[in-house]
Amino acid sequence: MSKTYSIMTLGCKVNQYESEAVSELFSKKGYINVEDNEENADIYIINTCTVTNLSDRKSRQVIRRVKRNNPDAIVAVMGCYSQVAPENVAKIEGVDIIIGTSERNEIVDLCETFEKEKKQLNTVRSLKGDHCFQDISTKSTPGMTRAYMKVQDGCNRFCSYCIIPYARGPIRSRTLEDSVAEAKALSEAGYKEIILTGIHVGSYGYDLGNTRLIDLIEKIAEIENIRRIRLSSIEQGIITEDFMKRALNTGKVCDHFHLSLQSGSNRTLKNMNRKYTKEEFFEKTELIRSYMPLAGLTTDIITGFPGESDQDFKESYDFVEKVGFSRIHIFKYSKRQGTVAASMPNQVDGNIKIERSDVMSELNERLMKEFAEKNANLKKSLLVEEEIEKGKFLGYTTNYIRCLVNSDEPLKNKIVDVELKEFDKDILRAKLV
């Protein structure tokens with residue numbers, strides 16, 4: 001009888017991509033995936049997150065629960081938490097294999113070695129000096145119509161609140177040739193949209209010489225059946241006249257940019273070590289809109305960063321309103337041991353963080369509605385992702401508006417033209433053209 005495995009993923013889209021790649025490694029060896037099964041698998045892989053202390057706690061809870069339910073199963077822990085705290089993970093009762101954010105391509109062999117030797121295995125090593133992108137890829141994302149493709153790892157920015165540079169190491173880029181090869185494989189698997197992702201995807205190519213992210217985008221755009229190219233979170237610094245001209249000329253880059261802001265207060269941005277001002281950020285949003293007038297601009301905002309005064313928060317709020325983002329992802333600052341911000345003075349009271357988060361959430365609701373209304377009665381291209389009930393389909397426009405459309409014909413994974421109608425909560429109703 002074939003052995004079974006189950007993967008539990010915490011954290012970001014990069015983790016989700018890496019879990020899919022690991023799943024393919026097991027499948028190639030004849031293992032059977034029993035998705036979301038916490039009781040009957042022979043092997044459990046927990047792909048951990050460490051972006052906050054809460055993430056660490058969730059990772060530990062999942063590990064303990066899985067082992068409690070499956071005392072005879074092999075438990076392998078990988079990802080960011082095990083990279084920054086391998087000793088802590090090794091002490092959790094029932095952990096058999098500890099892998100960090102490298103050597104994931106050896107996970108099947110490690111599980112088979114443990115099964116023979118019954119001795120805890122720990123492959124975590126320092127990432128200092130790493131310069132090679134680990135060759136791990138996937139040809140499919142089950143159940144998805146849009147395919148994530150990891151092209152970059154690591155970060156050199158060291159924002160004062162962030163542990164990720166320690167968990168992921170320095171920037172490393174996937175070669176242009178290997179990236180294009182995976183994009184072709186995804187195209188052949190039927191995917192029409194590729195989302196380029198990484199830990200700091202805007203730094204793609206800086207370690208490869210003269211190659212840059214826009215060069216990769218242009219190469220992928222040459223693949224006939226790839227109709228859309230979308231970028232995951234990028235920094236404002238990548239947006240230039242040259243980048244926008246070349247992106248627009250491909251005819252395939254989505255008019256949606258997730259520009260990570262974090263704060264609209266220059267004082268807070270400096271304390272965060274973000275290396276730009278709100279004025280510089282605003283110039284980049286205006287540049288995007290000069291080429292793509294109805295571009296969806298989404299962002300991340302942290303409320304209650306250490307030292308954030310009422311005035312700082314007001315400046316942040318006013319700036320978010322000025323930019324007119326189409327959607328905001330709001331995070332209450334969470335102290336992360338091992339970062340500069342954790343030991344900063346003037347930590348903000350938890351209740352104040354919640355209040356500011358709630359205020360920003362109300363702004364988000366208004367901005368989403370205003371952006372949707374700007375697009376009402378316009379014709380848009382919609383990639384249909386799922387049928388939520390008979391004859392009702394959900395999908396996303398190029399500028400990342402979630403739409404509901406009715407059809408008697410099956411539409412999943414099709415790109416159709418629609419006319420956008422009224423806004424209902426966070427969905428725009430649309431009509432097939």
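> Any details on the overall build of the chain? Residues and values, ideally.
If you tally the helices and strands in the chain, you get 13 helices and 18 strands. On C-alpha atoms alone, the chain measures out to a radius of gyration of 22 Å, which is about the 22 Å that the 2.2 N^0.38 rule sets for 433 residues. Looking at the chain residue by residue over its 433 residues, the buried ones come to 55%. In the chain, of all internal contacts separated by at least 6 residues, the share reaching a separation of at least 24 is 72%. A gap of 1 Å separates the mean positions of the 64 positive and 65 negative side-chain charges of the chain.

> Go over the packing of helix 7 (residues 176–188) against helix 8 (residues 213–221) with me, naming the residues and quoting the values.
At their nearest, the axes of helix 7 and helix 8 sit 10 Å apart, and the two run at 35° to each other. You can see that helix 7 and helix 8 cross each other, and the crossing is right-handed. Residue-level inspection shows Leu-176, Ser-179, Val-180 and Ala-183 of helix 7 in contact with helix 8, the latter providing Asp-215, Leu-216, Lys-219 and Ile-220. Along the lines of polarity and charge, the residues of the contact of helix 7 with helix 8 split into 5 nonpolar, 1 polar and 2 charged.

> Before we move on, can you summarise the sheet that holds strand 10 (residues 228–231) with the specific residues and values?
Strand order in the open sheet formed by 4 strands is 8-7-9-10, and the pairing between neighbours is mixed. The sheet terminates laterally at strand 8 (172–173) and strand 10, the two strands that pair on one side only. Summarising the sheet, strand 7 (residues 146–153) and strand 9 (residues 193–198) pair through 6 bridges and their orientation is parallel. Residue pairing in the sheet places Lys-150 in a bridge with Thr-197 of strand 9. Its contacts with the sheet put helix 1 (residues 13–28) on strand 7 and strand 9, and the angle it makes with strand 7 is roughly 100°.

> Describe a negative patch on the surface, with residues and values.
A cluster of like negative charges, contributed by Asp-349, Glu-355, Asp-358 and Glu-362, occupies part of the molecular surface. With respect to the secondary-structure elements, Glu-355 resides in helix 13 (residues 350–375). Its relative accessible area of 52% is what places Glu-355 among the exposed residues.

> Go over helix 7 with me, naming the residues and quoting the values.
Taking 1.5 Å of rise per residue, the 13 residues of helix 7 would be expected to cover 18 Å, and the 18 Å separating its terminal C-alpha atoms lies within 8% of that figure. Looking at the buried side of helix 7, the elements it contacts are helix 1, strand 7, strand 9 and helix 8. Remark: Gly-190 follows helix 7 within two positions and exhibits a positive phi of approximately 105°.

> Describe in detail the side chain of Arg-336, supporting the description with residues and values.
By secondary structure assignment, the location of Arg-336 is in the loop between strand 13 (327–332) and helix 13. Among the polar contacts made by the side chain of Arg-336, one reaches the side chain of Asp-56 at a distance of 2.9 Å. Excluding its chain neighbours within four sequence positions, the residues that come into contact with Arg-336 are Thr-50, Val-51, Thr-52, Asn-53, Asp-56, Val-84, Tyr-161, Ile-163 and Ala-342.

> Any chance you could break down the packing of helix 8 against helix 9 (residues 241–250) for me, citing the residues and the numbers?
Contact pair helix 8 / helix 9: the axes reach a minimum separation of 10 Å and the direction vectors enclose 10°. By the angle between their axes, helix 8 is roughly parallel relative to helix 9. Packed against helix 8, whose contacting residues are Ile-214, Asp-215, Ile-217, Glu-218 and Ala-221, the element helix 9 presents Phe-243, Arg-246, Ala-247 and Thr-250 at the interface. Partitioned by chemical class, the residues of the contact of helix 8 with helix 9 number 5 nonpolar, 1 polar and 3 charged.

> Quick rundown of the packing of aromatic side chains? Include the residues and the values.
Here a ring pair, both rings aromatic, is described through the centre-centre distance and the interplanar angle of the planes. Scanning the entire structure with this criterion turns up 10 aromatic pairs. Here the aromatic rings of Tyr-5 and Phe-26 are separated by 4.9 Å at their centres, their planes lie at 20°, and the arrangement is stacked. Here Phe-26 lies in helix 1 and Tyr-5 lies in strand 1 (residues 4–9), a separation of 21 residues in the sequence. Side by side, Tyr-5 and Phe-26 carry an identical accessibility label, which is buried. Between Phe-281 and Phe-319 the ring centres are 6.1 Å apart and the planes differ by 70°, which places this aromatic pair in the edge-to-face class.

> Just give me the short version of the side chain of Glu-235, but keep the residues and values in it.
Within the element layout of this structure, Glu-235 appears in the loop between strand 10 and helix 9. Under the relative-accessibility criterion, Glu-235 is labelled buried at 15%. Sequence-distant contacts of Glu-235, defined by excluding residues within four places in its chain, comprise His-200, Leu-259, Ser-260, Arg-274 and Tyr-276.

> Account for the nonpolar core, with residues named and values stated.
In globular proteins that are soluble, nonpolar side chains generally tend to be buried together. With 51 residues, the main nonpolar core has Leu-196, Ile-220, Ile-239, Phe-243 and Phe-257 as its most contacted residues. Residue contributions to this core peak at 6 residues, all from helix 8. Here Ile-239 is in contact with Ile-234, Met-244, Phe-257, Leu-259, Lys-284, Leu-287 and Ile-288, once residues within four sequence places are set aside. Residues Ile-43, Ile-74, Ile-97 and Ile-99 belong to the second largest nonpolar core, which totals 20 residues.

Cut-off values and rules
- Residues numbered from 1 in each chain as written.
- Predicted model: local features only at pLDDT ≥ 70, side-chain atom pairs only at ≥ 80, totals over all residues.
- Heavy atoms only, no water.
- Helix = DSSP H or I, 4+ residues; strand = E, 2+ residues; numbered from the N terminus.
- Rg over C-alpha atoms; globule rule 2.2 N^0.38 Å.
- Buried < 20%, exposed > 50% of the residue type's maximum accessible area, 1.4 Å probe, protein only.
- Contact = heavy atoms within 4.5 Å.
- Lys, Arg positive; Asp, Glu negative; His and termini not counted.
- Charge placed at Lys NZ, Arg CZ, Asp CG, Glu CD.
- Axes fitted to C-alpha atoms, helices over the stretch in contact; angles between N-to-C directions.
- Left-handed = near helix turned anticlockwise from the far one by under 90°.
- Nonpolar A, V, L, I, M, F, W, Y, C, P; charged D, E, K, R; others polar.
- Pairing = 2+ DSSP bridges.
- Patch = residues over 30% accessible without salt bridge, like charges linked within 9 Å, V, L, I, M, F, W, Y side chains within 5 Å.
- Areas by Shrake-Rupley, 256 points an atom, 1.4 Å probe, with all protein chains shown as cover.
- Salt bridge = Lys/Arg side-chain N within 4 Å of Asp/Glu carboxyl O.
- Expected span 1.5 Å × (residues − 1).
- Polar contact = N/O pair within 3.5 Å; in protein donor to acceptor, adjacent residues only side chain to side chain.
- Parallel < 35°, antiparallel > 145°, perpendicular 65-115°, else oblique.
- Phe/Tyr/Trp six-rings, centres within 6.5 Å; stacked < 30°, edge-to-face > 60°.
- Core = buried A, V, L, I, M, F, W, Y, C linked by side-chain atoms within 4.5 Å.

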